[in-house]
Amino acid sequence: MTFWYALVPVCIQCLALPLVEPPPGILTTEEIEAPEPLLQKPKGDPRQYQHSVLENGLRVVNIVDPNTTQAAVAVAVTVGSFSDPEGFDGLAHLLEHSMFLGSQNFPERSGFDAWLAQNGGSSNAYTAEEQTVFYASVSGKALAGAMQRYADIFSQPTFNASWVWDEVQAVDSEHNKNRKSQEWRVESLINLMAAEKPMIRFHTGNVQTLRSTNEYTLAAKIKAFFAQHYCPPRMRLVTFGAPSLEWQLEQAQATFGQIPRQGQGCGEAAPSFQGVVPYPSSSLQQLLRMQGLTPKPELHMVFPMRTLRPWIRSNPMAYLQHILTFAGKDSLLLALRDRLNGASSLSVNREDSSAGSKIVVSLSLLPEGVERLPAVLDAFFSFIARARSGTSNAKLGVLQSLAESAQVGYDWSSLQDASRAAFEVADDMTKLGASDLLVADNLILEPDVVKVDYILNRLRPEHMLLVLVDTEQSSYWQGGQPDARSLPFYDVNYTMRPLESTWKNWKQWQLSSDAVDPFKSTTSLDERVAEVKSQFSLTVPSVIAGLPENLTQAAAPVKGSGQLGELWGDLPKRMELKAFANLDLEGAEKRDLDLWHRENWMLRHPRVTARLTLRRPQSAKGYSAKNVVDAEIGLRILNELMSAGLANLTDLGTTWKIETGNSQSFTVLLSSFAVNAKEHFAQVLMELMQEDEKAAAAERRLVRLRRELKMELEDQSEAILSVAVRERNVLLMPETFARHELLSALVEGAAETTQEAL
């Protein structure tokens, strides 16, 4: 889990400013270090990229999109919350908030926001552990003005003492919002277990940590922090717009190129925390149990290890992500969900810093999952043991097929909007060299089984910190716990006990126990499998077969008529039904069949997209909360049943989704590469018409899905604004129901059978 501390975005309509030419005496592109074209990019990406280093040490990437009407500027700085000064937790975050409170040539407190309001702009920023990123999007014609103002802000911010003092309140409000977030609580608890700074620090900051002195001392600290870290060699600039690469680079030199290289004593090397050992053995092999905010329990398995950043080109995490999240037959997820009735979903995340990396495997537990925690953990580590025991050739085959799949997905990925494209490249520039900027974390350029084995070997209980988040009404906390502790800054209790207090046989999965046959289930698994009277099997996914080959861009699109046609091509056209005369349909069915086709979409991707809308039977009078609940339960059953049979399609570039939009219809959304579309669409539709599963398994599924929906409807942890928007929609939108209405309908329909739900 990685968290960003963000400013609230501002977005208004635009009035464009004219482009500006470089003033006399400014270096031209011929006098700057020769730009380096970035040619390793997706096949379907029409944009141009180049990387340069200005004379003052500033690294710059310029991006040209000939089709855009928007522009963007992003600046990343190689310093973050890890570098907060002693006694001023949250100072890096406060500086992020304070940067736009006026600069020497634009001194107004809200001057930048007002200028954005005149130029169709939006702006945002975030502070991470080792970088701080700022970005803004504007109307295309205002790019030069945005660069001019941004450069002045990063060269000469005023940091007015009174205004900075006031901004602490905004930081405090942000923290108060985070205090009610379960994700923030879990992340803070994990960080608390780090034995060394900077991991253990309170990175967000609040009134207590930032107003411990006075406004002048605080402003002096902010100015000193800025002088120490915010200089051109530590900055990364990205510009995005329709103007040429040469023009954008000239503007960068005319604005950011004038910032002095050393500033006021700035160190050119970014802080590094490589010598830190954040999680010693005393912090591991522990079970942390925390009070939760939702009706659904969570389990987080945290595995600290050395930093994986240098392995960016090998990307061994892609292998782990693939085998753990695969949802096909005999997968880990289906075993946990349908066999053990322990967890309903599984996700894998990685957090990197110079101090080290953490792999976090998170499970959304079912209520029984807390009681059956040993069985859930045995299933997970049994699966990892099986993956570890595979031959090097087998792992290499999977890696190579994953590399091919990643390349196909990368080549034909969707283009990001201006601001996201700019800030993601700026963020990557703080960690990567120019040649890797556009492929970071997307491709597997150097498949390496040794690195995969390293990760698999780190996924053992002796290297693990386990976090169990209880439900808000958990009986574990109702009577109080004598060893309960309070999580600083979050006002929530947790306990810390040795792993064996809950999972007595964890040592069988240690490195020293590799003689144990990983294909034999353990005692807790045997008991659970016997209890549910179900066969238990786990299979590590094999090589991905059937990937599309020799994909090329579609023919150049023909622009349509009118303003929308200029942007997106012609509207869809109704197809003649005589072209489908061979369909075996009755007269009424043919009258109901309505076919539309759209060609010349403006994106030149070799994909086919289909939207199949199915009308619901209209025999029932009216539309009630029960109809909504019935539809939701039926769709969830259908999606789960189909996912097991279609799990391989995602790796082949095919996606499908079934959803309900209103009381009149269901929709099947399909997308695939043209070479596979006919076969894969037919596979999805055939799976849609498969017979139901066996009665006992179907009944267990129905009970579980009803219970999951009930927990979701009872969840009160939403942000206040989200609740307000949802309740507003209930009042304004037809056929929309309040949560309490849906909950009542769900309880009343509890006796419904699986067949009725489908």
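Analysis parameters
- Residues numbered from 1 in each chain as written.
- Predicted model: local features only at pLDDT ≥ 70, side-chain atom pairs only at ≥ 80, totals over all residues.
- Heavy atoms only, no water.
- Helix = DSSP H or I, 4+ residues; strand = E, 2+ residues; numbered from the N terminus.
- Contact = heavy atoms within 4.5 Å.
- Pairing = 2+ DSSP bridges.
- Axes fitted to C-alpha atoms, helices over the stretch in contact; angles between N-to-C directions.
- Patch = residues over 30% accessible without salt bridge, like charges linked within 9 Å, V, L, I, M, F, W, Y side chains within 5 Å.
- Areas by Shrake-Rupley, 256 points an atom, 1.4 Å probe, with all protein chains shown as cover.
- Salt bridge = Lys/Arg side-chain N within 4 Å of Asp/Glu carboxyl O.
- Buried < 20%, exposed > 50% of the residue type's maximum accessible area, 1.4 Å probe, protein only.
- Disulfide = S-S within 2.5 Å.
- Arc of directions from axis to C-beta.
- Expected span 1.5 Å × (residues − 1).
- Phe/Tyr/Trp six-rings, centres within 6.5 Å; stacked < 30°, edge-to-face > 60°.
- Lys NZ or Arg CZ within 6 Å of the ring centre and 35° of its normal.
- pLDDT = per-residue confidence, 0-100.
- Parallel < 35°, antiparallel > 145°, perpendicular 65-115°, else oblique.
- Left-handed = near helix turned anticlockwise from the far one by under 90°.
- Nonpolar A, V, L, I, M, F, W, Y, C, P; charged D, E, K, R; others polar.
- Polar contact = N/O pair within 3.5 Å; in protein donor to acceptor, adjacent residues only side chain to side chain.

Draft legend 1. Representation of the overall build of the chain. Per the secondary structure count, the chain includes 25 helices and 21 strands. Nonlocal contacts in the chain, meaning residues at least 24 apart in sequence, comprise 82% of its contacts between residues at least 6 apart.

Draft legend 2. Quick look at the sheet that holds strand β11 (residues 298-305). Judged by pairing direction, the sheet is mixed, and its 7 strands sit side by side in the order β12-β13-β11-β14-β10-β16-β15 without closing on themselves. The open sheet has two free edges, formed respectively by β12 (343-353) and β15 (485-487), since each of these has just one partner strand. Averaged over all neighbouring strand pairs, the angle between strand axes comes to 25°, with direction disregarded. Across 3 bridges, the pairing between β15 and strand β16 (residues 492-498) is antiparallel. Bridging across to β16, R485 finds its partner in Y494. Taken strand by strand, helix α9 (residues 317-325) contacts β12 and β13 (356-365), and its axis lies near 170° from that of β12.

Draft legend 3. A look at a nonpolar patch on the surface. On the surface, L731, L732 and M733 cluster together into a nonpolar patch covering about 380 Å² of accessible area. Structurally, the position occupied by M733 is in the loop between α23 (720-732) and α24 (739-748).

Draft legend 4. Up close: the pattern of salt bridges. Applying the stated criterion across every chain yields a total of 31 salt bridges. Ionic pairing is found between K431 and D427, a salt bridge with its closest N-O pair at 2.8 Å. Residue classification places K431 among the partly exposed residues on the basis of a relative accessible area of 38%. For D427, a relative accessible area of 7% gives the class buried. If you follow the salt bridges from partner to partner, you end up with R337, D338, E640, R701, R704 and E708 in one network.

Draft legend 5. Local environment of the state of the cysteines. Here the structure, examined in full by the defined rule, presents 1 disulfide. One disulfide in the model links C231 with C266; its S-S distance is 2.1 Å. Taking the sign of the S-S torsion, -60° for the link of C231 and C266, the bridge is left-handed. Here C231, found in the loop between α7 (215-229) and β9 (235-241), pairs with C266, found in the loop between α8 (245-255) and β10 (286-290); they are 35 residues apart in sequence, far enough to count as distant. Of the two residues, C231 and C266, neither departs from the other in class, the shared state being buried.

Draft legend 6. Helix α2 (residues 111-118), seen in detail. Within the span of α2, buried status applies to G111, F112, W115 and L116. In a view along the axis of α2, the buried residues occupy a sector of 140°, so they form one face of it. Remark: G120 follows α2 within two positions and exhibits a positive phi of approximately 60°.

Draft legend 7. Focus on the pairing of β11. Judged by how many residues are buried, β11 sits mostly within the fold: 7 of 8 residues are covered. Across 8 bridges, the pairing between β11 and β13 is antiparallel. Bridging across to β13, H300 finds its partner in S362. When β11 meets strand β14 (residues 465-469), the two strands line up antiparallel, connected through 5 bridges. The partner of E298 across the bridge, within β14, is V469.

Draft legend 8. Just helix α22 (residues 695-714), in detail. With 20 residues, α22 extends 29 Å between its outermost C-alpha atoms, agreeing within 8% with the 28 Å of an ideal straight helix rising 1.5 Å per residue. Within α22 the residues assigned to the buried category are A698, R701, L702, R704, L705, R706, E708, L709, M711 and L713.

Draft legend 9. Structural detail: the packing of aromatic side chains. Under the criterion given, the structure shown has 21 aromatic pairs. For the pair Y150 and F154, a centre-to-centre distance of 5.6 Å together with 45° between the ring planes defines the contact as tilted. Of this pair, Y150 and F154 both sit in helix α3 (residues 143-155), 4 residues apart, which is roughly one turn of that helix. The class of F154 is buried, set by a relative accessible area of 1%. We note R289 situated over the ring of Y476; from NZ or CZ to the ring centre the distance is 3.8 Å. When the ring centre of F673 is taken as reference, the NZ or CZ atom of R607 above it lies at 4.5 Å.

Draft legend 10. Summary view of the confidence of the model for the chain. Here the chain averages 86 in pLDDT, and 87% of its residues register 70 or above. In the predicted structure, residues 515-523 sits below a pLDDT of 50 and forms 13 contacts with residues beyond four places in sequence or in another chain. Under a pLDDT of 50 for its full length, residues 528-534 has, in the predicted model, 11 contacts with residues more than four places off or in other chains.

Draft legend 11. The pairing of strand β4 (residues 48-53), seen in detail. Sheet analysis places strand β3 (residues 36-37) next to β4, joined by 2 bridges and oriented antiparallel. Paired with P37 across the bridge in β4 is Q50. Hairpin geometry of β4 and strand β5 (residues 59-64) is characterised by an intervening segment of 5 residues between the two adjacent antiparallel strands and by a positive phi of about 95° at G57.

Draft legend 12. The packing of helix α20 (residues 625-646) against helix α21 (residues 674-688), seen in detail. One can describe the packing of α20 onto α21 by two numbers: an axis separation of 9 Å at closest approach and a directional angle of 135°. Put simply, α20 runs oblique to α21. By crossing handedness, the relation of α20 to α21 is classed as right-handed. Of the residues in α21, those touching α20 at L638, L641, M642, G645 and L646 are Q683, V684, E687 and L688. Its residues placed into classes, the contact of α20 with α21 shows 6 nonpolar, 2 polar and 1 charged.

Draft legend 13. Fine view of unusual backbone geometry. Even without a glycine there, the phi angle at Q285 is positive, about 55°. Note that Q285 resides in the loop between α8 and β10.

Draft legend 14. Inspection of the side chain of T239 at higher detail. By the secondary structure assignment, T239 is in strand β9. In terms of polar contacts, T239 uses its side chain to reach the side chain of Q248, at 2.5 Å. Beyond its immediate chain neighbours, meaning those up to four positions away, T239 contacts V61, N62, I63, A72, M147 and Q248.

Draft legend 15. Summary view of the packing of α3 against α8. Relative orientation of the contacting elements α3 and α8 amounts to 30°, with a least axis distance of 9 Å. Comparing their axes, α8 and α3 come out roughly parallel. In this structure, α3 crosses over α8, and the sense of that crossing is right-handed. Contact residues: L143, A144, M147, Q148 and A151 in α3; W247, Q248, Q251, A252 and T255 in α8. Looking at the contact of α3 with α8 residue by residue, the classes come out as 6 nonpolar, 4 polar and no charged.

Draft legend 16. Quick peek at the environment of A195. For A195, the position within the fold is in the loop between α5 (182-192) and α6 (207-210). Between the alpha carbons of A195 and S282 there is a distance of 8.9 Å; along the sequence they are 87 residues apart. Apart from residues lying up to four places away in sequence, A195 is in contact with P278 and P280.

Draft legend 17. A look at the side chain of D436. If you trace the backbone, D436 turns up in the loop between α14 (418-429) and α15 (449-458). Take D436: its relative accessible area is 12%, and that puts it in the buried class. Every residue in contact with D436, bar those within four places of it in the chain, is listed here: I312 and R313.

Draft legend 18. Layout of the environment of F106. For F106, the location among the structural elements is in the loop between α1 (91-98) and α2. Spatially, the C-alpha atoms of F106 and R149 are 7.5 Å apart, while their sequence positions differ by 43 residues. Residues within four places of F106 in sequence aside, it is in contact with Q148, R149 and D152.

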